[in-house]
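Close look at the chain arrangement
Okay, here's what each chain looks like letter by letter:
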Amino acid sequence: MGSWALLLCCLWYLTTVRAAVTVYSQKPLGQTLASTETAGAPAAEYTGLKAYDPLTLNPPPLPDPRPATQFALQLQSAAGNVPGLSIPVSGALLGLSVETSVINHFLGVNSSFIQVPFLNLISTVIERAGRFHIRVGGNTQETARLVENTVDGRMIEKQNIDPNKPTATPVLVYTMELFYLLGNISSLANVKWYLGVPFKDLEEIHLEIAEHGQRVLGDNLLGIQVGNEPDLYERHSARPAPYGPEDYCNEFDKVLQAMQTNPNIPITNNLIGPSVSSGGWSPELVYDAGFVSRFQDNLYAITVENYPSDNCFAIYGGNGRPHDVQAEFVNYLTHDGQYSGRHMLDKFLNSAAIAQASGKPMIMFETNTASCGGFPGASNSFGAALWAVDYGMQLAFSNFTHGLLHVGGQDTYYNPATPPPTGVSTFYQWTVNPIMYSIVVVAEALGNSNTSQVVDLWPNSGDVHTPGYAVYESGNLVRVLLMNYMTDPSGASDYTASISVGGGETGTPNAVPAEVKVKYLWSPSVSDHFNITWAGQTFGGQFESDGRLKGEERIETIACDQAANICPIKVPAPGVALVFFSDAALQEVTPTSTLTYATTAVTRTLNTATVDVDVLATSNGQSGRDRALMGSTSKGSTGAAFSSYVAPSLTVLIAMLAPALAFMKVFSR
Ligand SMILES: *[C@@H]1O[C@H](CO)[C@@H](O)[C@H](O)[C@H]1NC(C)=O
Ligand SMILES: *[C@@H]1O[C@H](CO)[C@@H](O)[C@H](O)[C@H]1NC(C)=O
Ligand SMILES: *[C@@H]1O[C@H](CO)[C@@H](O)[C@H](O)[C@H]1NC(C)=O
Ligand SMILES: *[C@@H]1O[C@H](CO)[C@@H](O)[C@H](O)[C@H]1NC(C)=O
Ligand SMILES: CC(=O)N[C@H]1CO[C@H](CO)[C@@H](O)[C@@H]1O
């Protein structure tokens, strides 16, 4: 049976059973997809695409002794009195790093076919932070080549160069459509880009990314990466040994000179490096080789790339070590754990200070929960969302200006969001994963003023399960973010922080307002994949999202005791509370209306300079063939099968598609 016929009968089936069944997608889907389950064995045999792995870990046991559930938190109202405050950062601090080979799935097929869920997702952040930063690159940028046309007419294509070396990194070929796609995205939403030139073969330097990137993207191109994780080149046989920091600096110079003599590259002061992973060299070795002083006038930003752990052993074997994810889950769930942002950034504080001293942004250019795709059950859990909120705030506190969460393809666990697999994309919507919420929460915590300064509060006598941060904007306390890493459905591990502002020993007047507003990031457990809300709204479950937060927004109002100078803020276990100390601080990051793009894809045949959003919102991006299919299966309600399509029917659809899914093309980092 062809897959279209298969879908056809599924659709008929789902329209008839929709009303009768009520199941949630997560577990049933997993059970159905776990095709090779062995009787009696633990459910670890899921063999489908990793992005949909239903493996759910157990929340770690409660710490013993338990942290206090009541504590006082004394804050200064003015930034001037706060030691250790960060430099001013922007709400666009957390962005994405998208592997080049997956942009046709994640961003759009080409310049006239842009993924609407993607636009909606980033618009959700832009409405809060003012803009959004995306890096397109990763390992696949190193061998990318611009071609006039690809064989099959697509925007990008992978080609294996040497048939005798099947494991060699395939050359990625792309057409001009890539630049137009990014350009057209920026004309729809305020996205700024980082690109990277290939650095693999410097006998013949390829600078088309810089040439066309600058020409097509203009100001929307922030900078150009030169060299990706050069400290691993020797290990990955990308360079003959020995390859050291000095060699990298010399090669960087070679590329710079090629740019400076290229009339099509007018801007050569926007380069990005050294992007070391710290798996090989510490960044200090590169600074010692003169990187910053030598390229001071040509650098846009100083970058590092880092993951707190890796799942490479499970993916490739050999390298690295196996991980017991259940046992290690807890390492993500403390403010000072082995995998925490604080721990990760310790080794880069000197880099951030060097960047600050040289007036450059400091960017964590590629990061996520674990390299080689992340960990099943952990990277796609609410625990990862808490980890990423803490990490994002810690990046700010550590004087990093940006951090980019990596997006792989269908075969990774850590994507903030995943488009449906090729072939079923007309029927499924996107899967938004927990760390996407973190991007939204951090955007709201930092706001859109570019003046936010952050301090890590270490509240509750520095308990690592209950971290907190204060945010000062234009010198004044505006928001406080409080976290609870524990999972305790009984409610006994919820805590209440009694926040005082000024007064007492601060030598300044009592300053709590009459009331504060609070938004919660909530889930019943750190292990949950989809039952997550931010201020009462959710992106929904697997294959359920069009990129918009859905549901009624819930903002709590908490009365403060001004005489006693106390605002009591409850924080659930697990959860995050974002406390707004003024209505202005709330309004700054709370969109009143949402600019959205309501179809599954935008098809634009007119490439005019301005885009009519109303037209986009009402246009139907599906092709005629897809529409005909829908019409013929939904018994008189054309399109209804898709638009009202909800989780309950998914089990059935997936069950019948399982064989087709197995053959789907997959991409991974
Ligand atoms: C863009 O992709 C769409 C959908 O696959 C296709 O119909 C269209 O021809 C493509 N446009 C270009 C310019 O390649
Ligand atoms: C961040 O920069 C500020 C201003 O220079 C400095 O006071 C602070 O100590 C730095 N923070 C860290 C964690 O290094
Ligand atoms: C924040 O900084 C960005 C980038 O420099 C700028 O485009 C934007 O206008 C700034 N926002 C405000 C409110 O100043
Ligand atoms: C989310 O969790 C809550 C509490 O456990 C439960 O009442 C609710 O039904 C769950 N929602 C979904 C969509 O699973
Ligand atoms: C701003 C921008 O990059 N616009 C591009 C949109 O895509 C078309 C091709 O489809 C290009 O011609 C435009 O330059």
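Residues numbered from 1 in each chain as written. Chains lettered and ligands numbered in written order. Predicted model: local features only at pLDDT ≥ 70, side-chain atom pairs only at ≥ 80, totals over all residues. Heavy atoms only, no water.

This paragraph deals with empty space enclosed by the protein. The tally for this structure, following the rule as stated, stands at three cavities of 30 Å³ or more. Size it by volume and the largest cavity reaches roughly 70 Å³. The wall of the largest cavity is formed by Thr-100, Val-136, Gln-141, Ala-144, Tyr-174, Leu-178, Leu-195, Gly-196 and Ile-209. A per-class count over the lining of the largest cavity returns six nonpolar, three polar and no charged. (1 Å grid on protein atoms, 1.4 Å probe; cavity = no way out; pocket = protein on both sides within 12 Å on 5 of 7 lines; lining within 4 Å. Points joined across faces, edges and corners; volume = space filled by probe spheres on them. Nonpolar A, V, L, I, M, F, W, Y, C, P; charged D, E, K, R; others polar.)

Spatial ordering of the open sheet is given by E6-E8-E7, a layout of three strands whose pairing is mixed. One side of each edge strand has no neighbouring strand; the edge strands of this open sheet are strand E6 (144–146) and strand E7 (156–159). Looking at each pair of strands side by side, their axes are set apart by 30° on average, direction ignored. One ladder, built from three bridges, connects E6 with strand E8 (residues 171–174); its direction is parallel. Within E8, the position partnered with Leu-146 by the bridge is Tyr-174. (Pairing = 2+ DSSP bridges. Helix = DSSP H or I, 4+ residues; strand = E, 2+ residues; numbered from the N terminus. Axes fitted to C-alpha atoms, helices over the stretch in contact; angles between N-to-C directions.)

Contacts to ligand 1 come from Val-109, Asn-110, Ser-112, Phe-113 and Glu-177. Side-chain polar atom of Asn-110 to an oxygen atom of ligand 1: 2.3 Å apart, as the coordinates give it. For ligand 1, whose accessible area on its own is 360 Å², the fraction buried by protein is 42%. Here the shell around ligand 1 is built from residues that sort into two nonpolar, two polar and one charged. (Near = heavy atom within 4 Å. Polar contact = N/O pair within 3.5 Å; in protein donor to acceptor, adjacent residues only side chain to side chain. Areas by Shrake-Rupley, 256 points an atom, 1.4 Å probe, with all protein chains shown as cover.)

Let us look at the pattern of salt bridges. Counted under the stated rule, the structure contains 20 salt bridges. The partner of Lys-50 in a salt bridge is Asp-411, with the nearest N and O atoms 3.6 Å apart. Here Lys-50 is found in the loop between helix H2 (26–33) and strand E1 (70–75), whereas its partner Asp-411 is found in the loop between strand E14 (402–407) and strand E15 (417–418), with 361 residues between them in sequence. Of the two residues examined, Lys-50 and Asp-411, each falls in the buried class. Taken together, the shared-partner salt bridges in this structure form one network comprising Glu-127, Arg-128, Glu-444, Lys-519 and Glu-553. (Salt bridge = Lys/Arg side-chain N within 4 Å of Asp/Glu carboxyl O. Buried < 20%, exposed > 50% of the residue type's maximum accessible area, 1.4 Å probe, protein only.)

The next subject is helix H15 (residues 434–446). Taking 1.5 Å of rise per residue, 13 residues should cover 18 Å, and H15 covers 19 Å from first to last C-alpha, within 8% of that figure. At the C-terminal side of H15, Gly-447 shows a positive phi close to 75°. (Expected span 1.5 Å × (residues − 1).)

In contact at an axis separation of 8 Å, helix H4 (residues 116–129) and H15 are set at 15° when each is read in the N-to-C sense. Comparing their axes, H15 and H4 come out roughly parallel. When the axes of H4 and H15 are compared, the crossing they make is right-handed. Mapping the contact onto sequence places Leu-121, Thr-124, Val-125, Arg-128 and Ala-129 in H4 and Met-436, Ile-439, Val-440, Ala-443 and Glu-444 in H15. Classifying every residue of the contact of H4 with H15 by side-chain character gives seven nonpolar, one polar and two charged. (Parallel < 35°, antiparallel > 145°, perpendicular 65-115°, else oblique. Left-handed = near helix turned anticlockwise from the far one by under 90°. Contact = heavy atoms within 4.5 Å.)

Below, the discussion takes up the confidence of the model for the protein chain. Low-confidence regions, as indicated by low pLDDT, have predicted coordinates that should not be scrutinised in detail. Summary statistics for the protein chain give a mean pLDDT of 83 and a share of 80% for residues scoring 70 or more. Between residues 1–43, whose pLDDT stays under 50, and residues either more than four places distant or in other chains, the model counts 71 contacts. Residue range residues 598–669 is modelled with pLDDT below 50. Its contacts to residues more than four positions away, or to other chains, number 146 contacts. (pLDDT = per-residue confidence, 0-100.)

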